[in-house]
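Topology and contacts: notes
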Amino acid sequence: PLAVADRAAAHCRRLAADRGIELTVSGSAARVAVDVDLGERILQPLIENACRFARTLANVQIARNGASVTFAVTDDGDGVSDLQRSSIFERGVRGDRVDGDSGAGLGLALARRLARSAGGDITAEPGRGGHFVVTLPSV
């Protein structure tokens with residue numbers, strides 16, 4: 001999982017640097033039962049959104065949780081409203097971007113579909129800042 005998260009984060013490092021966002025990846029070593037490329041395609045839109053919505057910090061925290069591995073992608077931005085939390089994974093739904101770039105609203109929908117096809121899921125959690133949890137089966 002660290003390799004998957006590191007590869008996904010590598011695609012977002014320039015965006016993070018351009019916005020002055022500290023992007024970190026941390027956590028425990030565990031193996032996921034998905035191809036590295038698929039894992040990267042699932043995580044990258046979440047990490048990119050964290051870098052776009054964050055004020056100063058975006059983080060990917062990896063942990064093994066029984067028969068699964070969780071990737072908590074968090075940022076210190078405004079987070080997802082209760083209203084948006086129920087629709088944010090629908091195609092064409094976009095959050096309120098800090099940088100003014102509206103995007104197409106496809107990243108989270110595709111990421112969730114890919115996660116579910118691999119036996120996992122993605123949820124948007126309540127609380128301060130953005131907080132998305134990707135759960136994928138472990139080996």
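Here's what I pulled together on the structure shown here. (Residues numbered from 1 in each chain as written. Predicted model: local features only at pLDDT ≥ 70, side-chain atom pairs only at ≥ 80, totals over all residues. Heavy atoms only, no water.)

Let us look at helix α3 (residues 36–53). With 18 residues, α3 should reach 26 Å at 1.5 Å per residue; the first-to-last C-alpha distance of 26 Å fits that figure. When the local axis directions of α3 are compared, the greatest deviation, roughly 30°, occurs at L43, which is followed within four positions by the proline P45. Within the sequence span of α3, burial applies to G39, E40, I42, L43, P45, L46, I47, N49, A50, C51, R52 and F53. Two to three positions downstream of the cap, the backbone nitrogen of D37 sits 2.9 Å from a side-chain oxygen, assigning the N-cap of α3 to D35. (Helix = DSSP H or I, 4+ residues; strand = E, 2+ residues; numbered from the N terminus. Expected span 1.5 Å × (residues − 1). Bend = angle between axes of the 7 residues up to and from the residue. Buried < 20%, exposed > 50% of the residue type's maximum accessible area, 1.4 Å probe, protein only. Polar contact = N/O pair within 3.5 Å; in protein donor to acceptor, adjacent residues only side chain to side chain.)

To continue, consider the pairing of strand β4 (residues 121–124). With burial as the criterion, only one face of β4 is covered, namely that bearing I122 and A124; the residues D121 and T123 on the opposite face remain uncovered. The pairing of β4 with strand β5 (residues 131–137) spans 4 bridges and is antiparallel. Opposite I122, over in β5, you have V134 as the bridge partner. The turn joining β4 and β5, which pair antiparallel and follow one another in sequence, is formed by 6 residues; a positive phi near 125° is taken by G127. (Pairing = 2+ DSSP bridges.)

Of all hydrophobic cores here, the largest spans 39 residues; its most connected members are L43, I47, F71, I122, F132 and L136. Counting residues per element, this core draws most heavily on α3, at 6 residues. Residues within four places of F132 in sequence aside, it is in contact with L46, F71, A72, V73, V80, I88, F89, L108, I122, T123 and A124. (Core = buried A, V, L, I, M, F, W, Y, C linked by side-chain atoms within 4.5 Å. Contact = heavy atoms within 4.5 Å.)

A few words now on the pattern of salt bridges. Using the criterion set out here, one finds 8 salt bridges in the structure. Note that E40 and R7 form a salt bridge whose closest N and O atoms lie 2.8 Å from each other. Of this pair, E40 sits in helix α3 while R7 sits in helix α1 (residues 2–10), placing them 33 residues apart in sequence. The partly exposed category is assigned to R7, whose relative accessible area is 37%. A salt bridge links D18 to R14; the shortest N-O distance between them is 3.9 Å. (Salt bridge = Lys/Arg side-chain N within 4 Å of Asp/Glu carboxyl O.)

Aromatic ring pairs are reported here in terms of the distance separating the ring centres and the angle at which the planes meet. Counted according to the given criterion, the structure contains 1 aromatic pair. Ring centres 6.1 Å apart and planes at 85° place the aromatic pair F89 and F132 in the edge-to-face group. You can see F89 sitting in the loop between α4 (82–85) and α5 (107–117) and its partner F132 sitting in strand β5, a full 43 residues away along the chain. For F89, a relative accessible area of 10% gives the class buried. The ring of F89 is capped by R112, whose NZ or CZ atom sits 3.8 Å from the centre of that ring. (Phe/Tyr/Trp six-rings, centres within 6.5 Å; stacked < 30°, edge-to-face > 60°. Lys NZ or Arg CZ within 6 Å of the ring centre and 35° of its normal.)

Let's shift gears to the environment of I21. With respect to the helices, strands and loops of the structure, I21 is situated in the loop between α2 (13–19) and β1 (22–27). Put simply, I21 and L57 are 36 residues apart on the chain and 5.2 Å apart in space, counted from C-alpha to C-alpha. Residues contacting I21, with those up to four places away along its chain left out, are A16, C51, A54, R55, T56, L57 and A58.

Glancing now at the side chain of N59. Along the chain, N59 turns up in strand β2 (residues 57–65). Of the residues examined, N59 reaches a relative accessible area of 15% and is grouped as buried. A polar contact of 2.4 Å, which involves the side chain of N59, links it to the side chain of T24. Contacts of N59, omitting those with residues within four sequence positions, involve T24, V25, S26, A72, V73 and T74.

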